[in-house]
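# Remarks on the overall topology
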Amino acid sequence: MPFTDIKEDIFERRESKVRSYCRNFDTLFVKATGSEMTDAQGKTYIDFLAGCSTLNYGHNDPDMKAALIEHIERDGVAHGLDMYTDAKAEWLKAFEQYILEPRGMDDYKIMMTGPTGTNAVEAAVKLARKVTGRTNVVAFTNGFHGMTMGALSLTGNAGKRRGAGTGSVGLTGTTHLPYDGAFGDDVDTLEQIEMMLDNPSSGVDAPAAFIFEPIQGEGGLNAASKEWMQGIARLAKKLGALLIVDDIQSGCGRSGKYFAFEEAGIEPDIITQAKSLSGMGLPFACVLLKKEHDIWKPAEHNGTFRGNNHAFVTAKVTLEKFWKDDTFQKQVREKAVILTEGLQKIADIIPGAKLKGRGMMQGVDVGTGDLASDICSRAFEKGLIIETSGADDEVVKVLAPLTTPVEMFQKGLDILLDSAREAVSSNQMAAE
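What this report covers is the structure whose coordinates are included nearby.

How each quantity is defined
For every chain, the first residue of the written sequence is number 1, and numbering continues from 1 along that sequence. For a predicted model such as this one, the threshold for reporting local features is a pLDDT of at least 70, and the threshold for listing and counting side-chain atom pairs is 80 or more; totals across whole chains, interfaces and linings nevertheless cover every residue. Hydrogen atoms and water are omitted, and side-chain values are computed over all heavy atoms in the structure. Runs of H or I in DSSP of at least four residues are treated as helices and runs of E of at least two as strands, each being numbered from the N terminus. The globule rule is 2.2 Å times the number of residues to the power 0.38, and the radius of gyration it is compared with is taken over C-alpha atoms. Burial here depends on accessible area, computed with a 1.4 Å probe over protein chains only, as a share of the maximum for the residue type. Under 20% is buried, over 50% is exposed, and the range in between is partly exposed. Any two residues having at least one pair of non-hydrogen atoms within 4.5 Å are treated as being in contact. Here a salt bridge means any side-chain nitrogen of Lys or Arg lying within 4 Å of a carboxyl oxygen belonging to Asp or Glu. Every axis in this analysis is a line fitted to C-alpha atoms, fitted for helices over the stretch in contact. Angles between the N-to-C directions lie between 0 and 180 degrees. Any angle that is under 35 degrees is reported as roughly parallel, and any over 145 degrees as roughly antiparallel; angles of 65 to 115 degrees are reported as roughly perpendicular and all others as oblique. Helix span, as expected, comes to 1.5 Å for every residue beyond the first. We define the nonpolar core as a collection of buried residues of types Ala, Val, Leu, Ile, Met, Phe, Trp, Tyr and Cys that are connected through side-chain atoms lying within 4.5 Å of one another. Any two strands between which DSSP finds at least two bridges are classified as paired. We define a polar contact as two N or O atoms separated by no more than 3.5 Å, with the added condition that, inside protein, one atom must be a possible hydrogen donor and the other a possible acceptor, whereas residues neighbouring each other in sequence contribute only through side-chain atom pairs. Ring geometry is summarised as follows: Phe, Tyr and Trp rings, the Trp one being its six-membered ring, pair when their centres sit within 6.5 Å, and such pairs are stacked at plane angles under 30 degrees, edge-to-face over 60 and tilted between the two.

## A short note on the overall build of the protein chain
- Helices and strands together make up the secondary structure of the protein chain, namely 14 helices and 17 strands.
- In terms of C-alpha radius of gyration, the protein chain reaches 22 Å, essentially the compact-globule figure of 22 Å for 432 residues.
- With respect to the principal axes defined by its C-alpha atoms, the protein chain has extents near 60 × 60 × 45 Å.
- Evaluated residue by residue, the protein chain yields a buried proportion of 51% over its 432 residues.
- Taking the contacts inside the protein chain whose residues are at least 6 apart along the sequence as the reference set, 72% of them involve residues at least 24 apart.

Structural data, given as structure tokens:
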């Protein structure tokens, strides 16, 4: 049956209108390996989306796949609530050995939450309020933290917030302040934030926590400087608030280091992780919290799917394969240079365009959502999967798997440059 018939027969007839990515990538995918996806017609696409940074290590890594198959074939535990299992024990030991201990993070506990990033954010905010006895949480402009009501109250995007269907009702308990660079390079937002919080007549309640993304994925690839991150950490400590770093999209190596806040040398009270945590695209999220904040009573926060044993299996392989030394990090940083150079070529042909982001989480702000969308649509026709981000979808965002071979990575960037040239030329002709 042709794809158009399949689409009308089941997807459009039965699936909710809320679907989104499929509207931009309008084909039936049947296979995925490494940094490529193949559709039912046999056309192969280079993947520069990677599940929105959920597939940092590519599709179907052979070592992870083999470990998962072996676990399933021996009837290893698939679902165990938060019971003790061998798979959980092995992942915890590997995470301790390869992530926590090398970074001097022995004073963190690991809390299993529901399987998505928004679950981790909900747990983090809930704990911060419990620890401090305060309600207000300071979030930042262009931030995105999830789609459940608590996480959505922290999210700045008006379109996402409208999805709650309640106006501002229910999206409360949050103060939104300007992120680093929100008003341009010449405005010190950290100074403004401190003035607001020091002023007893500002109307901003004493916060339970500050929450920020080191690099704002959905918000347009705004990257916080190490000085700004350090400043927010100092301010949180000064005010008796907890510091929550949302490293869900920017973590697991995406920035060039395992945690995107590492370069700032800060010690968050709480860190949220998800997306590439499983290594293979399996649902898995957790919260890292300082031991002194672990004041939960048993079952005070839970969820049926906290602790996905299949994800524990693949996540352990991820740590052993990519994080036992600094080889992988060096490779990521080398590719980040290639990415910067490739995106600069695009920025050079678009007046006013500028590069955004850091590491392997970069893009180019082309000025308008229409132009960015046109570039991405043309790229898809040429065999490249890539999306936009930003308040007006004005940023063409590259989230290629970190394991993408250099030759394939360069080919994808060449496709993107060709698509940008065509889009710019088309727009110029339409304006004449």
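Next comes the rest of the write-up.
## Comments concerning the environment of serine 373
- By the secondary structure assignment, serine 373 is in helix α13 (residues 369-381).
- For serine 373, a relative accessible area of 36% puts it in the partly exposed group.
- Sequence-wise, serine 373 and valine 395 are 22 residues apart; in three dimensions their C-alpha atoms are separated by 9.0 Å.

## Digging into the pattern of salt bridges
- Applying the stated rule across the entire model yields 24 salt bridges.
- Ionic pairing is found between arginine 378 and aspartate 374, a salt bridge with its closest N-O pair at 2.9 Å. Of the two residues, arginine 378 and aspartate 374 both sit in helix α13, four residues apart, roughly one turn of that helix. Exposure class is identical for arginine 378 and aspartate 374. Each is buried.
- One salt bridge connects glutamate 387 with lysine 397, and the closest N-O pair in it is separated by 3.2 Å. With glutamate 387 in strand β16 (residues 387-389) and lysine 397 in strand β17 (residues 395-398), the pair connects residues that are 10 residues apart, well separated along the chain.
- By relative accessible area, glutamate 387 is classed as buried at 10%.
- Each member of the salt-bridge network shares a partner with another, and the members are Asp374, Arg378, Lys382 and Glu422.

## Examining the packing of helix α9 (residues 189-198) against helix α10 (residues 226-239)
- α10 packs onto α9 with a crossing angle of 10 degrees between their chain directions and a minimal axis gap of 10 Å. As judged from the angle between their axes, α9 and α10 are roughly parallel. Between α9 and α10, the residues in contact are Thr189, Leu190, Ile193, Glu194, Leu197 and Asp198 and Glu227, Trp228, Gly231, Ile232, Leu235, Lys238 and Leu239, respectively.

## Section: α10
- The terminal C-alpha atoms of α10, which comprises 14 residues, lie 20 Å apart, in line with the 20 Å expected from a rise of 1.5 Å per residue.
- Residues of α10 that are buried: Trp228, Met229, Gly231, Ile232, Ala233, Leu235, Ala236 and Leu239.
- Backbone geometry just downstream of α10 places glycine 240 in the positive-phi region, at approximately 75 degrees.

## Focus on the nonpolar core
- Within the largest apolar cluster, 89 residues are counted, with the highest numbers of intra-cluster contacts made by Trp91, Phe140, Phe210, Trp228 and Leu416.
- With residues up to four places along the chain from it excluded, the contact list for phenylalanine 210 reads Val138, Phe140, Leu197, Ile232, Leu235, Ala236, Leu239, Ala241, Leu242, Leu243 and Ile244.
- Counting residues in hydrophobic clusters, the runner-up holds 23 residues, among them Met111, Ala124, Leu127 and Ala151.

## Considerations on the sheet that holds β17
- With antiparallel pairing, the four strands of this open sheet are ordered in space as β13-β14-β17-β16. The open sheet has two edge strands, β13 (354-358) and β16, and neither has a second partner. Mean inter-strand twist for the sheet, computed between neighbouring axes without regard to direction, equals 35 degrees.
- Pairing between β13 and strand β14 (residues 361-365): five bridges, direction antiparallel. Counterpart to arginine 358 in the pairing with β14 is methionine 361.
- Helix-sheet contacts for helix α12 (residues 327-348) involve β13, β14 and β17, and the interaxial angle to β14 is about 5 degrees.

## Observations concerning the environment of histidine 301
- As for its position among the elements, histidine 301 is in the loop between β12 (286-290) and α11 (309-322).
- A sequence separation of 24 residues divides histidine 301 from leucine 277, and the C-alpha atoms of the two residues are 21 Å apart.
- Not counting residues up to four positions away in its chain, the partners in contact with histidine 301 are Met111, Ala123, Lys126 and Trp296.
- Within the local environment of histidine 301, its side chain forms a polar contact with the side chain of lysine 126, the two groups lying 3.1 Å apart.

## Some thoughts on the pairing of strand β1 (residues 29-33)
- Pairing of β1 with strand β2 (residues 36-39), which is carried by four bridges, proceeds in the antiparallel orientation. Its bridge partner being in β2, threonine 33 is matched across the sheet by glutamate 36.

## Quick notes on the packing of aromatic side chains
- Using the criterion set out here, one finds 19 aromatic pairs in the structure.
- Between phenylalanine 48 and phenylalanine 409 the ring centres are 5.6 Å apart and the planes differ by 55 degrees, which places this aromatic pair in the tilted class. In this pair, phenylalanine 48 sits in the loop between β3 (44-47) and α3 (50-53) while phenylalanine 409 sits in helix α14 (residues 406-431), placing the two residues 361 residues apart along the sequence.
- On the basis of relative accessible area, phenylalanine 48 is assigned to the buried category, the value being 0%.
- Note on phenylalanine 409: relative accessible area 0%, which makes it buried.
- Measuring from centroid to centroid gives 5.0 Å for tryptophan 91 and phenylalanine 95, while their planes differ by 35 degrees, and the two rings are tilted. On the criterion of helical spacing, the pair formed by tryptophan 91 and phenylalanine 95 is a turn pair, its members being four residues apart in helix α5 (residues 86-100).

## Describing unusual backbone geometry
- Although it is not a glycine, cysteine 52 sits at a positive phi angle of roughly 55 degrees.
- One can find cysteine 52 in helix α3.
- The exposure class of cysteine 52 is buried, given its relative accessible area of 7%.
- Positive phi, normally seen in glycine, also occurs at aspartate 75, with a value near 60 degrees.

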